[in-house]
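# Working through the structure, step by step
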Number of protein chains: 2
Amino acid sequence: MVCMRSDKRSVPLSDLTARARIRDAAIERFARDGFGAGLRTVAGDVGVSPALVLHHFGSKDRLRQACDEHVLAQIRTAKSESIVDAGTRSFLEHFATAERYSTILGYVLRSLLDGGPLARAFVQHMIDDAEQYVGAAVSAGLAVPSRDERARSRYLTLSALGAMMLSITLDPPEDLSNLTGFMRRFFAEITLPTLELYTEGFLTTRRMLDDYLLYVGDPPGENAAQHS
Amino acid sequence: MVCMRSDKRSVPLSDLTARARIRDAAIERFARDGFGAGLRTVAGDVGVSPALVLHHFGSKDRLRQACDEHVLAQIRTAKSESIVDAGTRSFLEHFATAERYSTILGYVLRSLLDGGPLARAFVQHMIDDAEQYVGAAVSAGLAVPSRDERARSRYLTLSALGAMMLSITLDPPEDLSNLTGFMRRFFAEITLPTLELYTEGFLTTRRMLDDYLLYVGDPPGENAAQHS
DNA sequence: ACGCCGGCTGAACGAGTGGTTAGCATGGTG
DNA sequence: CACCATGCTAACCACTCGTTCAGCCGGCGT
């Protein structure tokens, strides 16, 4: 009968730091090697025994839950402290290219590849954020309105995040210190095509769009009832 | 000293079909459960012993190599038999929504998530294909020319594939028979935003693009030397 | 009919996994 | 000083993994 972590007051400082050190090491290790990394590896990173990791977190799933929560909290603070300036993918680019978020970014990317609940929460977070920001841009006359704003925000977010993770999966940096540089290179590569596509479009004729709009009865937009 | 598979003439039919049956079962199992699936599971699917799998393929890595080669060959025939009609992502949509390719598509998606050599080959294949097709569209006056056609093709391909795999990762279908339906739903969801973005663009002003073009000396396009 | 031979298997191995437990050392407290 | 709680660990458990190997067994040639 091991003591459960029901109260943290009995071990005011050292236990918390040990927990935090193990959690941070787990985040880094998971970000580096994926969630298949063993508890022994994580324990070895902090220089403790594998049993201590289980002693603090109970199981590997709960360790990952703790990592997820901490990463999500870090993302929230990162978002609150990053004032969205001009540009569509401002928070994503800020978050992905900031050096101090490289570990968390790697963890998020692993989570996206794995498809856990953190991935869903993160993506939904980004979609909601994009919808709000795109709505503001439309209201300000900076962006073309869409017949289904929600679908567009979802599409833009999925495309941006998906391209990011696919690009990293195809050519993974060997360690996390190169991740920020990788992301900077990635954004540098996609900036021109993105801006071109966003301002000049891709097709020269409206035929395909009009055909589609004619083909479907009405687009499934709930906030754009009548159009065209 | 087991006999190596140096010659296949000694066992003209039954060995080949056994190999093929194991390989196909492995492709299906890998597509369903990912590459972490065990050899015992694959062997159980065909009703043979795990040792036979190793007997035929030598190791799990070589089994996966065989799967990769077969899938790539299937993709090549799928591509050759699918006449690219109108539309940008024609082959991708045809391949992803065709019922008979659902297993291969699932394998490819797993491979993209895993980042193996097949993933790189497949993506490069798609990028080259997109570049050729986009080039034809530009020549025909159907598409707006880009300052860096290669970068644009790469960006469009990474975005489309990435959105696809991210969407599937976030909400995975329980079995492969639902995968085709999932892909159809996915394409139905992204068609409107894609067509809108491709024909109407997203931004209303050229400011961001012009600022970027002014900021960088010249875009790294090798086939579009002088511009603007 | 006999022997060989090759496809195939059952059983095991060694490594590695998440998880459990008994116990050690240490430091604060009566 | 004695005691006890506590952070921590070594050892172990059951399990899965890829892989190996001795050998079965049925068909085929002689």
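Residues numbered from 1 in each chain as written. Chains lettered and ligands numbered in written order. Predicted model: local features only at pLDDT ≥ 70, side-chain atom pairs only at ≥ 80, totals over all residues. Heavy atoms only, no water.

### Examining the overall build of chain A
Within chain A, the secondary structure is distributed over ten helices and zero strands. Secondary structure elements in chain A, listed N-terminal to C-terminal, are α-α-α-α-α-α-α-α-α-α. Once local pairs closer than 6 in sequence are excluded, the contacts in chain A between residues at least 24 apart make up 64%. For chain A, the exposed surface amounts to about 11,200 Å²; the carbon and sulfur share of it is 54%. (Helix = DSSP H or I, 4+ residues; strand = E, 2+ residues; numbered from the N terminus. Contact = heavy atoms within 4.5 Å. Areas by Shrake-Rupley, 256 points an atom, 1.4 Å probe, with all protein chains shown as cover.)

### Side note on the interface of chain A and chain B
Taken together, the 56 residues of chain A in the interface contact 56 residues of chain B. Here chain A and chain B share an interface that buries about 5,500 Å² over both sides, 67% of which is from carbon and sulfur atoms. Of all residues in chain A, Tyr155, Leu170 and Phe202 of chain A give up the largest surface area on contact with chain B, accounting jointly for 15% of the area buried on that side. Here chain A and chain B share eight salt bridges between them. We note a salt bridge from arginine 154 of chain A to glutamate 189 of chain B, for which the minimum N-O separation is 3.8 Å. On inspection of chain A and its partner chain B, the count reaches 20 residue pairs in polar contact (both at pLDDT 80 or more). Looking at the side of chain A that touches chain B, the elements that each hand over two or more residues are helix 6 (102-114), helix 7 (117-139), helix 8 (149-170), helix 9 (177-200) and helix 10 (207-215) of chain A. Among the elements that make up the side of chain A that touches chain B, the one with the highest residue count is helix 8 of chain A (15 residues). (Buried area = accessible area lost by both parts, 1.4 Å probe. Salt bridge = Lys/Arg side-chain N within 4 Å of Asp/Glu carboxyl O. Polar contact = N/O pair within 3.5 Å; in protein donor to acceptor, adjacent residues only side chain to side chain.)

### Some details on the pattern of salt bridges
Where charged atoms from two side chains of opposite charge approach closely, those side chains can pair. Residue and element names in this part refer to chain A. For the structure on display, the rule yields 32 salt bridges over all chains. In this structure, the salt-bridge partner of arginine 152 is glutamate 149, at a minimum N-O distance of 3.1 Å. Within this pair, arginine 152 and its partner glutamate 149 are both found in helix 8, separated by three residues, close to a single helical turn. With relative accessibility at 6%, the residue arginine 152 sits in the buried group. (Buried < 20%, exposed > 50% of the residue type's maximum accessible area, 1.4 Å probe, protein only.)

### Some details on the relation of the copies chain A and chain B
Overlay of chain A on chain B (RMSD 0.1 Å): rotation 180 degrees, translation along the axis 0.0 Å. In the structure described here, the two chain copies are related by an operation that fits a two-fold rotation axis. A shared interface surface links the copies, since 100% of the contact residues of chain A are contact residues in chain B too. (Least-squares fit on C-alpha atoms with pLDDT ≥ 70 in both.)

### Observations regarding the nonpolar core
Formed by 126 residues in total, the largest nonpolar core has its most connected members in Met164 and Met183 of chain A together with Met164 and Met183 of chain B. What methionine 164 of chain A contacts, discounting residues up to four positions off in sequence, is Leu92, Ala96, Leu105, Leu109, Met183, Phe186 and Phe187 of chain A. (Core = buried A, V, L, I, M, F, W, Y, C linked by side-chain atoms within 4.5 Å.)

### Quick look at the side chain of aspartate 68 of chain B
Residues and elements named next belong to chain B. With respect to the helices and strands, aspartate 68 occurs in helix 4 (residues 60-81). Despite its burial, aspartate 68 pairs with no opposite charge; the closest candidate is arginine 64, at 4.1 Å N-O. If we skip the residues at most four places from it in the chain, aspartate 68 touches Tyr107, Pro117 and Leu118. (Lys, Arg positive; Asp, Glu negative; His and termini not counted.)

### With respect to helix 10 (residues 207-215) of chain B
Along an α-helix, residues three or four apart share an orientation, since each turn contains 3.6 residues. Within helix 10 of chain B, the full set of buried residues consists of Leu209, Tyr212 and Leu213 of chain B. The arc enclosing the buried residues of helix 10 of chain B, seen along the axis, measures out at 95 degrees, which places them on a common side. Residues of helix 10 of chain B that are exposed and point over 90 degrees away from its buried face: Leu214 and Tyr215 of chain B. Elements that come into contact with the buried residues of helix 10 of chain B comprise helix 9 of chain A. (Arc of directions from axis to C-beta.)

### Describing the packing of helix 8 (residues 149-170) of chain B against helix 9 (residues 177-200) of chain B
All names here are of chain B. Contact geometry of helix 8 with helix 9 gives a least axis separation of 11 Å together with a crossing angle of 140 degrees. Here helix 9 runs oblique to helix 8, going by the angle between their axes. Crossing of helix 8 over helix 9 shows right-handed handedness. Contacts from Leu156, Ala163, Met164, Ser167 and Ile168 in helix 8 reach Leu179, Phe182, Met183, Phe186, Phe187 and Tyr198 in helix 9. (Axes fitted to C-alpha atoms, helices over the stretch in contact; angles between N-to-C directions. Parallel < 35°, antiparallel > 145°, perpendicular 65-115°, else oblique. Left-handed = near helix turned anticlockwise from the far one by under 90°.)

### A few points about empty space enclosed by the protein
One pass over the structure, following the stated rule, counts three cavities of 30 Å³ or more. Lining the largest cavity are Ala151, Arg154, Tyr155 and Leu158 of chain A together with Phe186, Glu189, Ile190 and Pro193 of chain B. Elements with a minimum of two residues in the lining of the largest cavity: helix 8 of chain A together with helix 9 of chain B. The residue makeup of the lining of the largest cavity, split by class, is six nonpolar, no polar and two charged. (1 Å grid on protein atoms, 1.4 Å probe; cavity = no way out; pocket = protein on both sides within 12 Å on 5 of 7 lines; lining within 4 Å. Points joined across faces, edges and corners; volume = space filled by probe spheres on them. Nonpolar A, V, L, I, M, F, W, Y, C, P; charged D, E, K, R; others polar.)

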